[in-house]
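What follows is each chain in one-letter form.
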Amino acid sequence: MQELIVKAFFKQSFIDKKVTTTNGGKASVVNYNGMKADKSKLDSYMAATSKVSQSEFDRWNKNE
């Protein structure tokens, strides 16, 4: 369950809005000012990701 929460938050709610890919997906650009402005969301994301176990993380595919 924690895995689904983290993935959903990561993909839809925060990171997609703050990180864009360039160079055909081989590089990324981070909007650090945007992250700073949404510090509470970043803190929530960090708290959620810290609860993911190594074995659970290892099961994620590269795109996740």
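Remember, it's a predicted structure, so these values are computed and weren't measured experimentally. (Residues numbered from 1 in each chain as written. Predicted model: local features only at pLDDT ≥ 70, side-chain atom pairs only at ≥ 80, totals over all residues. Heavy atoms only, no water.)

A. Summary view of unusual backbone geometry. One non-glycine residue with positive phi stands out, namely Asn23, at about 55 degrees. Along the chain, the position of Asn23 falls in the loop between strand S1 (19-22) and strand S2 (27-30). (Helix = DSSP H or I, 4+ residues; strand = E, 2+ residues; numbered from the N terminus.)

B. Representation of the packing of aromatic side chains. Throughout the structure, instances matching the rule amount to 1 aromatic pair. Centroid distance Phe57 to Trp60: 5.5 Å. Interplanar angle 55 degrees. Geometry classified as tilted. Phe57 sits in the partly exposed class, given a relative accessible area of 46%. (Phe/Tyr/Trp six-rings, centres within 6.5 Å; stacked < 30°, edge-to-face > 60°. Buried < 20%, exposed > 50% of the residue type's maximum accessible area, 1.4 Å probe, protein only.)

C. Molecular detail of the pairing of S2. Two strands pair when backbone bridges link them, and S1 and S2 are joined in this way by 4 bridges, in the antiparallel orientation. When the bridges of S2 are listed, Thr20 appears paired with Val29. Here S1 hands over to S2 after 4 residues, with Asn23 in that stretch at a positive phi of 55 degrees. (Pairing = 2+ DSSP bridges.)

D. Geometry of the pattern of salt bridges. Enumeration over the complete set of coordinates arrives at 2 salt bridges. Measuring nitrogen to oxygen at the nearest pair gives 2.8 Å for the salt bridge that ties Asp38 to Lys18. Within this pair, whereas Asp38 is found in the loop between helix H2 (32-37) and helix H3 (39-49), its partner Lys18 is found in helix H1 (residues 2-18), the two being separated by 20 residues in sequence. According to the relative accessible area criterion, Asp38 is partly exposed, its value standing at 23%. For Lys18, a relative accessible area of 12% corresponds to the buried category. (Salt bridge = Lys/Arg side-chain N within 4 Å of Asp/Glu carboxyl O.)

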